[in-house]
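Understanding the architecture of this molecule
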Amino acid sequence: MKFGILVQEGPYNHQASDSAYNFIQAALEKGHEITGVFFYNDGVINTTKLMDIPADDRHISKRWSDLGAKGIQLIVCVAAAKRRGINPDVLIENARIDGLGQLSELCIESDRLITFGD
Amino acid sequence: MPKKTKIAFLMRKAPHGTIYAYEGLEALLIFCSYEQSIVLVLMDDGVYALKKGQDTSELGTKEFSTTFRVLKDYGVERIIVDKTSLKERSLTKEDLLIDVEVLEAAEIMALMKEQDVILPF
């Protein structure tokens, strides 16, 4: 099945990002396709490379970047990103800043769009 | 012509206090240009987004309630408000900025089942 993913909450403060990541890992293991991950609302904060995380905890933005390196597109909403200080200078590798139209495309091309939010 | 994707925007949170309703509305406006089948459903505190006479000047936040007026012109097919949510807040259709369909929870549930995508805000 083709899954599109929407992440609406920021890292650490909320479980949404972890749940989305774990869902994607499980879906890939089962042979499903991830059409893309769209970061909206505070979800955009998942994609800053300025995170500096203690060694005994997961590094959420690095984890997303590594997933992007595997070829899964990571799309960060430009309007939401601008509000929250996320720009190309601080963006993790393997992600891109783009418009809400990309979320619309994910809705259209995926069999299911799974939202991870509050 | 490819089949239109049926997308419901579900607004359940109060319009002020968090950014969900505002950013949900922003997303909704963009989605309108993609010519899919779009409906807006307001439930719980989400119904306050349509209340007449909002004034955010003392909050210092943007007042965006009037933007809901353009949605029908932008191609949103239906704007639906949950009957119980209105009643619980002592609101009636006359308190709202725009004309809406007021539906029972069971009718909204049936509508949700028809959707390809539900986007919660």
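Our subject is the structure that appears above.
Residues numbered from 1 in each chain as written. Chains lettered and ligands numbered in written order. Predicted model: local features only at pLDDT ≥ 70, side-chain atom pairs only at ≥ 80, totals over all residues. Heavy atoms only, no water.

Focus on the environment of Leu42(B)
Residue and element names in this part refer to chain B. Here Leu-42 is to be found in strand β2 (residues 37-42). In sequence terms Leu-42 and Val-100 are 58 residues apart; their C-alpha atoms lie 9.9 Å from each other. Residue contacts for Leu-42: discarding those within four places in its chain leaves Met-11, Val-47, Ala-49, Leu-50, Ile-79, Ile-80, Val-81 and Asp-82. (Helix = DSSP H or I, 4+ residues; strand = E, 2+ residues; numbered from the N terminus. Contact = heavy atoms within 4.5 Å.)

A short note on the pattern of salt bridges
Residues and elements named next belong to chain B. Throughout the structure, instances matching the rule amount to 17 salt bridges over all chains. In this structure, Arg-78 and Glu-101 form a salt bridge, with 2.7 Å as the shortest nitrogen-oxygen distance. Of the two residues, Arg-78 sits in strand β3 (residues 78-82) while Glu-101 sits in strand β4 (residues 101-103), which places them 23 residues apart along the sequence. Exposure remark for Arg-78: the relative accessible area of 29% places this residue in the partly exposed category. (Salt bridge = Lys/Arg side-chain N within 4 Å of Asp/Glu carboxyl O. Buried < 20%, exposed > 50% of the residue type's maximum accessible area, 1.4 Å probe, protein only.)

A short note on the interface of chain B and chain A
Across the contact, 19 residues belong to chain B and 19 residues belong to chain A. Carbon and sulfur atoms supply 57% of the area that chain B and chain A bury against each other, a total of about 1,600 Å² over both sides. Taken together, chain B and chain A are joined by 4 salt bridges. The salt bridge partner of Glu23(B) is Arg83(A), with a shortest N-O separation of 2.7 Å. Inspection of the chain B/chain A interface yields 7 residue pairs in polar contact (both at pLDDT 80 or more). Take the side of chain B that touches chain A: its biggest share by element is 8 residues, from helix α1 (residues 20-31) of chain B. Class assignment for the residues of the side of chain B that touches chain A results in 13 nonpolar, 3 polar and 3 charged. (Buried area = accessible area lost by both parts, 1.4 Å probe. Polar contact = N/O pair within 3.5 Å; in protein donor to acceptor, adjacent residues only side chain to side chain. Nonpolar A, V, L, I, M, F, W, Y, C, P; charged D, E, K, R; others polar.)

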